[in-house]
Each structure stands twice: as structure tokens, then as C-alpha cells.
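A closer look at the structure
Below are the chains, spelled out letter by letter.
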Amino acid sequence: MASIARPGGKRLPISCQACRTRKIRCSRDGRPCQTCVRRGLGAEDCIYLGQPRLSSEQTATADTMVHNELLARIRNLEEQLHKQVGSNSNSNSQGISSSAGSNSDPLSPQTTPSATGSASESDSAIGMEPRGPLLGNVGSLQTFTSGYVRYLPSASQWNSVVKSSTGSDCLQNIDAEIPDDDDDLQIPLVRNGSVSRGELLAILPPGRYCDTLKDVYFRVFSPLFHILHDLTFEAEYQQFCHDAGSVSLSWLALLFTILGIAVTALDDDDLLLSDLGREKTVSRNIKVLSSRYRSAAMRCLAADGVTSRHSINSLQTLVLICYARTHRGLPTWTLLGFSHHVAISMGCHIDPERFALGPIEREERRRAWAGLMMLYTIQNSSFGSLDQRLLAQDVKLPADINDVDLLTGSEPSTRPTQMTYLLLKFRLYKISAMICEAIFSFPYRPRLTVPQLESEILAVQERCDAQYQFDTSRGPLPTHHLANLNILYSYIHQLFLLLLRPSLCRYLQGEITPDTCAARAKCVASAKASLVIYQSLYESSQFAQYKWYNGGLGSFHAFHSAVVLSVVMMNPSSQSEFVEIKDILWNSLDVFAALSNRSAFCSKAVPILRQIMYVTPLPPSYTQIKREKLTDKSDVACSRQQQQQIFNAESVVTPPTTFMAPTPTHPSSPEYGTPIENFFPQLHPQNWVGPSSVPWDGFGILTMDQCGFGQVPG
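Within every chain, residues take consecutive numbers counted from 1 along the sequence as written. Residue-level local features of this predicted model are given only where pLDDT is at least 70; pairs of side-chain atoms are given and counted only at 80 or more, and the full residue set underlies all totals for whole chains, interfaces and linings. For the side-chain quantities, the full set of heavy atoms in the structure was used; hydrogens and water were omitted.

**Notes on the overall build of the protein chain**
What counts, and what does not: The helix count covers DSSP runs of H or I at least four residues long, the strand count covers runs of E at least two residues long, and both are numbered beginning at the N terminus. What makes two residues a contact is simply this: any of their non-hydrogen atoms within 4.5 Å. Residue-level accessible areas treat just the shown protein chains as cover; the underlying method is Shrake-Rupley with a 1.4 Å probe.
Across its full length, the protein chain carries 26 helices and 4 strands. The long-range fraction of contacts in the protein chain, counting pairs at least 24 apart against all pairs at least 6 apart in sequence, stands at 72%. Of the roughly 31800 Å² of accessible surface on the protein chain, 52% is carried by carbon and sulfur atoms.

**Observations concerning the pattern of salt bridges**
Defined as follows: The salt bridge criterion pairs a side-chain nitrogen of Lys or Arg with a carboxyl oxygen of Asp or Glu, the two atoms within 4 Å. Accessible area is worked out with a 1.4 Å probe on protein chains only. A residue is then buried under 20% of its type maximum, exposed over 50%, and partly exposed in between.
Per the stated rule, a full pass over the model turns up 15 salt bridges. Of the charged contacts, one joins arginine 309 and aspartate 304 as a salt bridge, the two residues approaching to 3.8 Å between their closest N and O atoms. Judged by relative accessible area, which is 16%, aspartate 304 ranks as buried. Between aspartate 394 and arginine 354 there is a salt bridge, with its nearest N and O atoms 2.3 Å apart. Here aspartate 394 is found in the loop between helix H13 (359-382) and helix H14 (403-408), whereas its partner arginine 354 is found in the loop between helix H12 (333-345) and H13, with 40 residues between them in sequence. Aspartate 394 sits in the partly exposed class, given a relative accessible area of 41%. Members of the salt-bridge network, linked through shared partners, are Asp351, Glu353, Glu363, Arg366 and Lys396.

**A short note on the packing of helix H7 (residues 230-242) against helix H8 (residues 249-262)**
Using the following cut-off: Inter-axis angles, ranging from 0 to 180 degrees, are taken between N-to-C directions of lines fitted to C-alpha atoms, where helices are fitted over the stretch in contact. Roughly parallel refers to an angle under 35 degrees, roughly antiparallel to one over 145, roughly perpendicular to one between 65 and 115, and oblique to any angle outside these ranges. Here the nonpolar group is Ala, Val, Leu, Ile, Met, Phe, Trp, Tyr, Cys and Pro; Asp, Glu, Lys and Arg are the charged ones; every other residue, Gly included, is treated as polar.
At a minimum axis distance of 12 Å, the contact between H7 and H8 shows a crossing angle of 105°. In this view, H7 runs roughly perpendicular relative to H8, as classed from their interaxial angle. Contacts between H7 and H8 involve Phe233, Glu236, Tyr237 and Phe240 from the former and Trp251, Leu252, Leu254, Leu255 and Ile258 from the latter. Residues that form the contact of H7 with H8 fall into these classes: 8 nonpolar, no polar and 1 charged.

**Observations regarding a nonpolar patch on the surface**
For clarity, the cut-off: What makes a patch is a set of residues exposed beyond 30% relative accessible area and free of salt bridges, joined within 9 Å when like-charged and within 5 Å when nonpolar (Val, Leu, Ile, Met, Phe, Trp, Tyr).
A contiguous nonpolar surface patch, about 260 Å² in accessible area, is contributed by Leu231, Val404 and Leu407. With respect to the helices and strands, leucine 231 occurs in helix H7. Classification of leucine 231 by relative accessible area gives partly exposed; the value is 41%.

**Observations regarding the UniProt feature "domain: Zn(2)-C6 fungal-type" (unreviewed entry) in the protein chain**
Rules: UniProt positions are given in the numbering used here, feature names are shortened, and annotations may be inferred rather than shown by experiment.
Sequence positions flagged by UniProt for "domain: Zn(2)-C6 fungal-type" (unreviewed entry) are, in local numbering, residues 15-48. Structurally, residues 15-48 comprises 32% helix and 0% strand, and the distance from its first C-alpha atom to its last is 7 Å.

**Focus: the packing of aromatic side chains**
The description of an aromatic ring pair rests on the distance of the ring centres and on the angle between the ring planes. For clarity, the threshold we go by: A pair of aromatic rings is counted whenever rings of Phe, Tyr or Trp (Trp by its six-membered ring) have centres within 6.5 Å, and the orientation is called stacked for planes under 30 degrees apart, edge-to-face for over 60 and tilted otherwise. In this scheme, the term charge over a ring applies when either NZ of a lysine or CZ of an arginine sits within 6 Å of the ring centre and within 35 degrees of the ring normal.
Under the criterion given, the structure shown has 22 aromatic pairs. On the basis of an interplanar angle of 75° and a centroid distance of 6.2 Å, the ring pair of tryptophan 548 and tyrosine 549 is categorised as edge-to-face. Under the relative-accessibility criterion, tyrosine 549 is labelled buried at 3%. Relative to phenylalanine 601, the ring of phenylalanine 556 lies with its centre 6.2 Å away and its plane at 85°, an arrangement referred to as edge-to-face. One end of the pair, phenylalanine 556, is in helix H21 (residues 553-569); the other, phenylalanine 601, is in helix H23 (residues 600-615), and 45 residues separate them in sequence. For the pair phenylalanine 556 and phenylalanine 601, one class covers both residues: buried. A cation over an aromatic ring shows up here: arginine 208 above the ring of tyrosine 209, its NZ or CZ 4.5 Å from the ring centre. Here lysine 214 stacks its cationic end above the ring of tyrosine 237, 5.1 Å away from the centre of that ring.

What follows is the structure in C-alpha cells.
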């Protein structure tokens, strides 16, 4: 390279600055020189005095060109994909009646094999076009002024159909004055000051109340989520009562968690609530007390150093807190992840048979891991994640055996055991995850077809019938087994409504085939049975301590069923079906209203159901019945007595295994009032994965002004 002269006569160096700085020989053959290339330097570092420094824009020119080229190719592929999907949709929709409307709706049907078709069904077998929200199933980030960020999955942030919604104006939120989220997680899971054992023990209620709440937990909740060995805990509790200093802090955390869960099952007029709480309402007392005890449990774990030291009691505490927060509708995902890593650090992800452990300790580990995986499956689906690899572990399921049999080595009982419910629910949760994979995934690659998933649900139902069969020679089933069975059936109906929703939507949009008619009949039967279970759990005195379930997850399942029946009622197959559904919905409204004093979910559902009752007009052939009769509470009570004669509240409701399809009627008939198409955004199955995904604002379509019926009577 020749020397470079500049004004003034002084010659510039011909070696690059990098080589001159290190005093090594420069090849002087370009930029970068070979010496800099061997040293790993780029053109921006190989500088010759007198030449301009390469800017970042110049050095990135090549990368930018490649980047732009890739973006253009991606956009081209996306356009081709959309055109291909649109062409398939247009070709498949030729057999659909024109009254079904445009296929632009995310729920538009396709005339391909339906839910009961063959195992070789294509993408359209789920009854939806994989576009719109399904293509952008990413969710959004919610940023607060404080700087905190929260991820909102797409299933929980559907936009309202209308700008204003009177349907979202619910009853007074009785929990509004006390924050719902993270009230028991304000204490970090690290040592925060020097909290003493005495300070923690002072938070406990009096001894007689501890005994009462402990008994409530093991009578109501332990059969539903049996991850403890009851006899072991009872022995440790007696030891604690004799000497409070003899138990570990992790065991004390477990006791606090049990108390916080048991409080939610107390009756409204229980003196324990008024003695321990000082709030004005039952709901607020329950909320404050349960939060207080959960927070105390977290403080015990922090004092015990749970971030670095773990025991089976600390893991059981974390799993039960996640369980309690899930039923309270509180954020759980972060704590669940921490609990999962605690379980791994203890080796619970490896089957305990590989270790030298006793039978009780082996089962405690399996139970804690199974409970953790159940909770993970729930949260995983609610966040729109379809990755099930975490569930594919080497841990065996817990044994279907009573706690006492672990001590005596007795043969397993032929009747339902303490573990029967959890094991059946575990199977249903796995099916639920596969249903979400089948309906929400894009591209559509489910492991099982819709008919296969339906068979899986029916197999669990048959297992329920076999396990909880009635044997009069051995006496009736205990109350907790009856309640557990009804809760299992309620969830079975929920899964049917999710699985068959695409076929129901195809029916509602005009695809009248034997398959879609059968799907409609199955959805109607499951929705009716679900609402009967909901009413039975509320009205039967033996299920009084299950109001916590009925006001939470039970109300969610019932509301889902009520919405399905509401759409069917807008286009009934017969006059008698319209009357029957209207009566069922009105009876359900009474239960929602009665539970709204302790359930925020019910307080939101009541005005929506009330709007449905008044918005949906009577069929033309039924005009002789006065509209005022529907507001007469004496008639409602009479109807409820008639319903009670058909469905005994003391017995168990079994889901139907055979269905009769109704006579096909064209669902686009405008004579029944509100167009069914307005309900399609609310029917999207992603709105019914869990209570947090319900599109409350979307029910603004039920405003009376839009339907021309005036205002709802106060």
C-alpha cells in the first residue's frame, strides 16, 4: 500500500492502527488486513489513518440486505399460506347454506368430516378455520405505570363485541375493598428479619378452632386433593398440641396452609368466622382469614430457608398453596414454577422406588408430584401452552389405596379409596390438555382425533361408575364420595362441551348433518346435566360444606352450560325444548344469585343470565303464556319442586352415554329474536378453558336496547 500524503507534507503510516498498537507486522493488503483477520478483528477495527472510520450503518449493510431479503420471503410465505387457507375454506363452504353467513368469523365452519368422522380427519375436523386469533395466539404484555409487566395469554384478553356493555355491569363486588392478587405472597421466600417461632405461633387461632379447621380440611378437601398421609399428619398434630416446639417450621407452614384452605368451607353462619374475623361480610372474612394463614405459611417457609433447604413438608405446603390460590382465582404460575423446582431438587421427578424409602414416604413423594403435575396442566392450558413434555416423567402414579392400608399392607379396597378421586381427575386433566391441543394448535396436529378423545372421556366416566357403584348391601357411599363423584361428572360435562363446541358451531351456522345434530344433542344433554349437578350441590344439605367449590369452579362450569343452553334456546328444535331450557336457566339463576354473596364469579354471572332470560323472546306458538309469569317467584319454586322430583338432589347425576339427535331445523330463523351469530365470539372454546378466560365484556350483545325489548326490570 502506498504512503498517503496530506497537506503539510507529513506522511501518514501505511500500517493499520491495530497492528501499530501491538507493534506487529501489518500485511497492508486491505481492510481488514490479513493480520487483523487472523486476530479475529473486523473492518471496523482495522483503521488506516487518513481513511474514514466505517460507521455501524456501513458495516451492517450486508447484514441488513440479508435481513430484508429474509423478511420479504417470510411475508411472501405468509401471503401464500393465507391464500391457501382461504381457498380451502371457500371450496369447503360450498355445501353450507348461505344463511350460515360469511366465513370471515374465526368460528366459521368447514364442511369436512365432523367430530364423529374417521381418524384421518384434516385440519377442518375441529370445525374452525385456523386463522384470526389462532394464527396470532401469542397474547399480549400488560405494562403498569410502576414498571411491572404481566403476560396475558390470548385466551384471557378477547375484545368486546360492542363498545359498551351493560351485561358487564354486575352485582356489587363484595371483594372489591380487599385486593385479590398476591395478598399472601408479599413475604419473600428468603429470610426477612428475625421472625421467631413464638411470633409465628401467635398467628394460630385458639386450639379448639385449630381442631375444628383441621377436621374440616380432612373431611372436605383431603379426599379431593389427597397429597398428604392423613394418619402421619394426625400423629404429628397430636405431638404439636403436646409440645409446640417439637415440630419443624416446614410442618408449621403445612398446618397454616391447611387452616387457610379449611376456612373457605365454613358455613355463612359459622361462629368461627365471626370470632376470628372482624369483616362486615362472610366473603371478606373468609378471604382475610385464608390470606392470613397462607401468608403465615410463607413466612414459616422463609424462616426455614426454603430457597436452599427442602423437606417433604415444605413441598406439600407449596403444592397446597398453589391449589388454594388456583381455586381462589389468584395468580399461581410463578409460585408453581418455584414449587416444581423444589420438587426436582428433592428428586421427586424420579420414581421413589429407586431410593431406599419406606412405603409411606414413597407414596407421599408420588402424591406431591402428581398434585403438582395436575396444577401445572391447569395453568399450562390457561396460558395457551400446548407443550406437555414436562408431564412425560418417570414417576409412577400414586397407588389407589387408603392411608391405613399403607401401614397394614392390606389388599386394596373394591370401593373408592382416598386416592380414587385424585387419580380420576388426573386422567381428566390429561384429556383436557389433549383437547386444548386438538382445538387450539396450529397447524392442526393432534395426537388423538375428536372421536378418540370422546372415547377417552367416556372411558373415565365408565371408570367412575365402576369405582363409585352403589352397593346397598354395604351401605350408602359417604358424603365426600358422593360430592366427589358429582364434581367429577361436572368436569366430564365441561370436557364434552369443549370438545364438541366446533361441531355445535357448525350446526348453528347451517351445516345440518347427522353428525352435527348428534353433537348438538350431546352438548344440550351435558349442559342440562351440569346445571342439575350445580343445583343439587347447592340445595342438598349434605353438600353444605362444598359452597366453596360451587361458588368457584362449579359456577364456572354451570355458567358455561348456561351460555350453551342460551344459544340453543334462541333456536329451539321444539316448543317443549324452549320451555324446558327456559325453566332450567331460571332455576340456575336463583343459585347464582344465592351464591353471589361469597362468590365474585357469581356476582358477574347473575346480570348476564338475567339479561338472557328477558332478551330471548317466546316462540310465536307460545305467546299465550304471559311474559310476567317468568318473573313470578312462586312459579319458579313450583317448577323447582317438579325438577326435584325428576332429579333427586341426594343422588348422583350420571352423564348420558347415548343421545337422541333432534329433528334438524334451520338455525338461521330470525323469528326467535337475537341472531345466534352475535354469540359466536362468546362460544369460542378458548374463552372457556378456565374462569379467568371468560369474556365478560363480550356479553354486551345482550343489551336490551339492541334487541328492542327496552330495559330489564329492576
